[in-house]
Amino acid sequence: MKKVISMDEAISHIQDGMMIMIGGFLACGSPHKIIDAIIEKGVKDLTIIGNDTGFVDRGIGKLVVSGQAKKVIVSHIGTNKETGRLMNEGKLEVVLVPQGTLAEQVRAGGAGLGGVLTPIGVGTPVAEGKDHLIIDGKTYLLEKALKADVALIFGSKVDEKGNVYYHESTRNFNPLMATAAEKVIVEAEELVKVGELDPHLVMTPGLFVQYIVKP
Amino acid sequence: MKKVISMDEAISHIQDGMMIMIGGFLACGSPHKIIDAIIEKGVKDLTIIGNDTGFVDRGIGKLVVSGQAKKVIVSHIGTNKETGRLMNEGKLEVVLVPQGTLAEQVRAGGAGLGGVLTPIGVGTPVAEGKDHLIIDGKTYLLEKALKADVALIFGSKVDEKGNVYYHESTRNFNPLMATAAEKVIVEAEELVKVGELDPHLVMTPGLFVQYIVKP
Amino acid sequence: MEAKDIIARRVASEFKDGDVVNLGIGLPTLVPNFIPEGVEIILHSENGFTGIGPAPEEDQVDMDLVNAGGLPVTIIPGGVFFDSAMSFTIIRGGHLDATVLGALQVDEEGNLANWMIPGKLVPGMGGAMDLVGGAKKVIVAMTHTAKGEIKILKRCTLPLTGAKKVSKIITEMGVMEVTPEGLVLTEYNTEYTIEEIQAVTEATLIISKDIKPMF
Amino acid sequence: MEAKDIIARRVASEFKDGDVVNLGIGLPTLVPNFIPEGVEIILHSENGFTGIGPAPEEDQVDMDLVNAGGLPVTIIPGGVFFDSAMSFTIIRGGHLDATVLGALQVDEEGNLANWMIPGKLVPGMGGAMDLVGGAKKVIVAMTHTAKGEIKILKRCTLPLTGAKKVSKIITEMGVMEVTPEGLVLTEYNTEYTIEEIQAVTEATLIISKDIKPMF
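Residues numbered from 1 in each chain as written. Chains lettered and ligands numbered in written order. Predicted model: local features only at pLDDT ≥ 70, side-chain atom pairs only at ≥ 80, totals over all residues. Heavy atoms only, no water.

### Some words on the overall build of chain A
Here comes step 1: A tally of helices and strands in chain A yields 6 helices and 11 strands.
Here comes step 2: Taking 215 residues into account, the globule formula puts the C-alpha radius of gyration at 17 Å, and chain A, at 17 Å, falls close to it.
Here comes step 3: Residues classed as buried in chain A amount to 64% of the 215 residues present.
Here comes step 4: Considering only contacts within chain A whose residues lie at least 6 apart along the sequence, 71% involve residues at least 24 apart.
Here comes step 5: Of the roughly 7300 Å² of accessible surface on chain A, 49% is carried by carbon and sulfur atoms.
Here comes step 6: Of the charged side chains in chain A, 23 are positive and 26 negative; the average position of the first set lies 2 Å away from that of the second. (Helix = DSSP H or I, 4+ residues; strand = E, 2+ residues; numbered from the N terminus. Rg over C-alpha atoms; globule rule 2.2 N^0.38 Å. Buried < 20%, exposed > 50% of the residue type's maximum accessible area, 1.4 Å probe, protein only. Contact = heavy atoms within 4.5 Å. Areas by Shrake-Rupley, 256 points an atom, 1.4 Å probe, with all protein chains shown as cover. Lys, Arg positive; Asp, Glu negative; His and termini not counted. Charge placed at Lys NZ, Arg CZ, Asp CG, Glu CD.)

Given below as structure tokens:
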């Protein structure tokens, strides 16, 4: 199973209208080179799931600025003024989700669970229109699992079988998203041989990863 | 915050009638010395949550043999004939749970979630008497979160702040249980100084651990 | 060749390069002996790792590294350790290409019973319900009868492990695919006649028009 | 002393040795400057680690290690990296002793609004809803008014971040505890009279019979 492919081939898996997850937290741990390649390719009408829309010139935000996202599902847009502007103009649909709920929704998608029962958001606008379950006297929202067509993640060290190590705070949503998509493409900062990573330090088992690009 | 305590002090936190979680998988990664100390102390009527009841002479099973468990919540009892015998004689309540469901129930307890929505067990005896939820056309069981008074875990390397590294397949339920109890006591195979563990290799952050014993 | 080797050899031909596979205890553990050259499968151990290697030499035994049956094993380069939640994320989330398990009973609807005989034997389901519910392909690998007792039924009478989840049944007598119409015999061991196979099968075998010898 | 330093200093006295604390962006990040000697708190960063250390020297900046505001930081010995699911397990699961956040509005029921002004400013909630819903103690730390505009109300008018979750409000003018009876002023800055404080507070302040100076 050869997983290392060219950026062109990687990008060929991303099509108009797809639901894609992109790792990173305020652009830390995002697959920057893949994002640039998507902009170059020009696919459109993407629905993007990510922690935030980063900045106008860095991270997921570049795909908002380029107009390629029709919808974003994120916890925060405050660091990218273009997201707010396009939302206010009706050009971008923005779904805001509490960060911990978003993390669990992605995890649930990857773990084959139907959703998440969280107390977070009860009594706030987040709860509107959602099922409320009372379990042992406490109220929980039912937040559905999320899955994507493609997950784009960033790995600090990746071996040829797709085992991924994330350095420091680059980890964030990356290992969750790696479980929750039909196809997972990892941008490797460093590509290493099989056996070079301590099997305790691998945070995403290679079985989740279909493709590796080493820009 | 001094977390390293004597075995006697550790055992003093375990009282008659408590709900306790014990890490390990067929005795691999179980806190054997703490188990022995519980037997020596002789507390009774324990409800034990664990993957399995180990063996008659090794792991959680020793607490079944000693008669200190009134109830066990586990996925497997087949390797300990005493569990089956006591169950058939009505001396031990046994709740059998699919292993993945048990893992998620413990995790949900630790993560502040109300329960787990799993497709596993639908159409089997496991589903009897449980709420069924249909989400996007698929049926899920609602399995409630599990919490305990005390979690007893085993760590291969533990630093003085309670950061834990689990070696090889000793990890199993240990990091999940470490999140889901009022008090968490870790049996350290090796105790190291703060700063000696790679912060990427810590699988249970020390904030979850109240007490460390180094037998 | 012994029945169990015939079965294991035929199971081994089910996999393609890169498949992620969980093998149940007993007969299924023989499968790796028959994997054809050029095909590499990733063996998943539900207690928390991928990359199960051969049993260690006696003087190399490391009791921190055991399989889901509690027996010492090794890990191959590229293998990865994880906790029970991740292990069942892999299983339940649909990331296993196949699971191979034995059965007490299996039936024409694809129902499987392998975790208890009420009032007699209650080992528990361990990870079997998750494996049967989560794997993309569920292969039952077993001797066709148990000491003459018929196991392939019209309807299971024992409590189910999973409802309508089995994809294929492989015995020393033949290969049966579970279809909406019932069990289709697609291959058979030419040491037996089809009549002989039907005689020890309660379920009605639909004979594939492309039926061929098992090897 | 500037208002923000007065507030940060008073917040710092809320913690006991070993507390796990998440500090929001802005004013709360000043709190560590005032932690008394002998008290060590564990700072949690919701993007994925504990043990936030001081900002790095300019030539030591490592963009793999940023705080939840995206700014480069350091990690102290004993700190630990994890993913977003574990980060919010810590938050939502009740493992944070306290969170300190700013507010747009807070009210006598302990309701908090700090994530949006409809039609005007919609940064999103990020991790704030989880922090407010999950931490054992929710401390609102803010200037008493915003450029003269009153923020401590009878009822919040903006969309809520959390309903009835605030434990304590600390401003440069005083300390208010949220009780079932309403806001109890327990300490005040003697540079102001109680009447002056009430004048810039819409909520009715219940004056504690043990009221004392803030420092």
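### Focus on the interface of chain A and chain D
Here comes step 1: Taken together, the contacts link 36 residues of chain A with 34 residues of chain D.
Here comes step 2: It is Ile120, Glu168 and Ser169 of chain A that lose the most area in chain A upon contact with chain D, and together they represent 21% of the buried surface on that side.
Here comes step 3: The tally of links from chain A across to chain D stands at 0 salt bridges.
Here comes step 4: Listing elements by their share of the side of chain A that touches chain D, those giving two or more residues are helix H5 (99-111) and helix H6 (174-177) of chain A.
Here comes step 5: Among the elements that take part in the side of chain A that touches chain D, H5 of chain A stands out by supplying 6 residues, more than any other.
Here comes step 6: Considered class by class, the residues forming the side of chain A that touches chain D number 17 nonpolar, 14 polar and 5 charged. (Buried area = accessible area lost by both parts, 1.4 Å probe. Salt bridge = Lys/Arg side-chain N within 4 Å of Asp/Glu carboxyl O. Nonpolar A, V, L, I, M, F, W, Y, C, P; charged D, E, K, R; others polar.)

### Quick word on the side chain of Asp97 of chain C
Residues and elements named next belong to chain C.
Here comes step 1: Position of Asp97 among the secondary structure elements: in the loop between helix H2 (84-92) and strand S5 (98-101).
Here comes step 2: Asp97 gets classed as buried once you look at its relative accessible area, which sits at 18%.
Here comes step 3: Polar side-chain contacts of Asp97 include one of 2.8 Å to the backbone nitrogen of Val20. (Polar contact = N/O pair within 3.5 Å; in protein donor to acceptor, adjacent residues only side chain to side chain.)

### A closer look at the packing of aromatic side chains
All names here are of chain C.
Here comes step 1: In this structure the tally under the stated criterion is 2 aromatic pairs over all chains.
Here comes step 2: Note on Phe49 and Phe81: the rings are 5.8 Å apart at their centroids and 45° apart in plane angle, and the pair reads as tilted. Residue Phe49 is found in strand S3 (residues 49-53), and its partner Phe81 is found in strand S4 (residues 74-81); the two are separated by 32 residues along the sequence.
Here comes step 3: A relative accessible area of 0% places Phe49 in the buried class.
Here comes step 4: Overall, Phe81 belongs to the buried group, its relative accessible area being 2%.
Here comes step 5: The ring of Phe215 carries Arg9 above its face, with NZ or CZ at 3.8 Å from the centroid. (Phe/Tyr/Trp six-rings, centres within 6.5 Å; stacked < 30°, edge-to-face > 60°. Lys NZ or Arg CZ within 6 Å of the ring centre and 35° of its normal.)

### A look at the sheet that holds strand S6 (residues 105-107) of chain D
Here comes step 1: Taken in spatial order, the 3 strands make up an open sheet running S7-S6-S11 (chain D), and their pairing is mixed. Whereas interior strands pair on both sides, the edge strands pair on one side only; in this sheet they are strand S7 (112-113) and strand S11 (152-153) of chain D. (Pairing = 2+ DSSP bridges.)

### Describing unusual backbone geometry
All names here are of chain A.
Here comes step 1: Look at Leu26: it is not a glycine, yet its phi comes out positive at around 50°.
Here comes step 2: By secondary structure assignment, the location of Leu26 is in the loop between strand S1 (19-22) and helix H2 (32-41).
Here comes step 3: Among the residues examined, Leu26 registers a relative accessible area of 9% and is labelled buried.

### Some details on the interface of chain C and chain A
Here comes step 1: Counting residues at the interface gives 20 residues for chain C and 18 residues for chain A.
Here comes step 2: Across the interface of chain C and chain A, roughly 1600 Å² is buried in total on both sides, 65% from carbon and sulfur atoms.
Here comes step 3: If you sort the residues of chain C by the area they bury against chain A, Val80, Phe81 and His95 of chain C come out on top, with a joint share of 29%.
Here comes step 4: Summed over the shared surface of chain C and chain A, the number is 1 salt bridge.
Here comes step 5: Salt-bridge contacts for Glu40 of chain C lead to Lys161 of chain A; the nearest nitrogen and oxygen are separated by 2.7 Å.
Here comes step 6: Across the chain C-chain A interface, the total number found is 6 residue pairs in polar contact (both at pLDDT 80 or more).
Here comes step 7: If you list the elements that add at least two residues to the side of chain C that touches chain A, you get S4 and H2 of chain C.
Here comes step 8: Among the residues forming the side of chain C that touches chain A, the class breakdown is 10 nonpolar, 7 polar and 3 charged.

### Comments concerning the packing of H5 of chain A against helix H2 (residues 84-92) of chain D
Here comes step 1: Interhelical geometry of H5 of chain A versus H2 of chain D gives an angle of 130° and a closest axis separation of 9 Å. Our classification of the angle between H5 of chain A and H2 of chain D gives oblique. Judged by the twist between their axes, the crossing of H5 of chain A over H2 of chain D is left-handed. Two secondary-structure elements touch here, H5 of chain A through Gln99, Gly100, Thr101, Ala103, Glu104 and Arg107 of chain A and H2 of chain D through Ser84, Ala85, Phe88 and Arg92 of chain D. (Axes fitted to C-alpha atoms, helices over the stretch in contact; angles between N-to-C directions. Parallel < 35°, antiparallel > 145°, perpendicular 65-115°, else oblique. Left-handed = near helix turned anticlockwise from the far one by under 90°.)

### Re the nonpolar core
Across soluble globular proteins, nonpolar side chains show a tendency to be buried alongside one another.
Here comes step 1: Counting 128 residues, the largest nonpolar core has Met21 of chain A, Met21 of chain B, Ile169 of chain C together with Ile169 of chain D as the members making the most contacts within it.
Here comes step 2: Contact partners of Met21 of chain A, with chain neighbours within four places excluded, come to Ile49, Val106, Leu146, Lys147, Ala148, Val150, Ala151, Leu152, Met177 and Ala180 of chain A.
Here comes step 3: In this structure, Ile11, Ile35, Ile77 and Ile185 of chain A belong to the second largest nonpolar core, which totals 39 residues. (Core = buried A, V, L, I, M, F, W, Y, C linked by side-chain atoms within 4.5 Å.)

### Overview of the sheet that holds S3 of chain C
All names here are of chain C.
Here comes step 1: Taken in spatial order, the 10 strands line up as S4-S3-S2-S1-S5-S8-S12-S13-S14-S15 in an open sheet, and their pairing is mixed. In this open sheet, the two strands that pair with only one neighbour each are S4 and strand S15 (205-213). Mean inter-strand twist for the sheet, computed between neighbouring axes without regard to direction, equals 25°.
Here comes step 2: Relative to strand S8 (residues 138-141), S5 is paired through 3 bridges, and the arrangement is parallel.

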